[in-house]
Amino acid sequence: MSEFEKISVEEARSRIGRRSKTTPLRDEILSMQAGDAISVSFYNSETGDGYKPTTVAQVVSQMSKDGALRYSMRKNTDGDGCYVMCIAKTPEDALRAKRGRKPKIQETVS
């Protein structure tokens, strides 16, 4: 039978050799306060720098689900990047319709 070593999350992170490509973006977004905005460059195939628009959108969407802040992504006028804005959630945000798949409704058989 296998044995497992119990370690802390910090220790596990220090043992992981590869950081996610989106880690710098996530860290920058996490450091934002309500009212802040950052400029994010879109991916440039010549330099290899930047993020694809869909990647930024996914990160922003996922990070908006948790916590008291929500993030909004808006393309800049040049089209070579976007702005990520940090906005404080309001009570009305809880009433907004959720995006994505709607939950399946179980039908009762009589």
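Computed from a predicted model, the values in this text were never measured in an experiment.

Asker: Explain the pattern of salt bridges to me, using residue names and the numbers behind them.
Answerer: Between side chains of opposite charge, a pair can form when the charged atoms approach closely. Counted under the stated rule, the structure contains two salt bridges. Put simply, Glu-5 and Arg-15 hold a salt bridge, and the shortest N to O gap is 3.2 Å. Taken together, the residues span a long stretch of sequence, with Glu-5 in the segment before helix H1 (9-15) and Arg-15 in helix H1 at a distance of ten residues. The exposure class of Arg-15 is partly exposed, given its relative accessible area of 47%. Across the pair Arg-15 and Glu-11 runs a salt bridge whose closest N-O atoms are separated by 2.6 Å. With Arg-15 and Glu-11 both in helix H1 and four residues apart, the pair spans about one turn of that helix.

Asker: So what's going on with the packing of helix H2 (residues 23-30) against helix H3 (residues 53-65)? Residues and values would help.
Answerer: Helix packing geometry: the angle between the two helix axes and the distance between the axes. Contact pair H2 / H3: the axes reach a minimum separation of 11 Å and the direction vectors enclose 40 degrees. Regarding the angle of H2 to H3, the classification is oblique. H2 and H3 meet at a crossing whose hand is right-handed. Across the interface between the two elements, Leu-25, Arg-26, Ile-29 and Leu-30 from H2 touch Val-56, Val-59, Val-60 and Met-63 from H3.

Rules and cut-offs
- Residues numbered from 1 in each chain as written.
- Predicted model: local features only at pLDDT ≥ 70, side-chain atom pairs only at ≥ 80, totals over all residues.
- Heavy atoms only, no water.
- Salt bridge = Lys/Arg side-chain N within 4 Å of Asp/Glu carboxyl O.
- Helix = DSSP H or I, 4+ residues; strand = E, 2+ residues; numbered from the N terminus.
- Buried < 20%, exposed > 50% of the residue type's maximum accessible area, 1.4 Å probe, protein only.
- Axes fitted to C-alpha atoms, helices over the stretch in contact; angles between N-to-C directions.
- Parallel < 35°, antiparallel > 145°, perpendicular 65-115°, else oblique.
- Left-handed = near helix turned anticlockwise from the far one by under 90°.
- Contact = heavy atoms within 4.5 Å.

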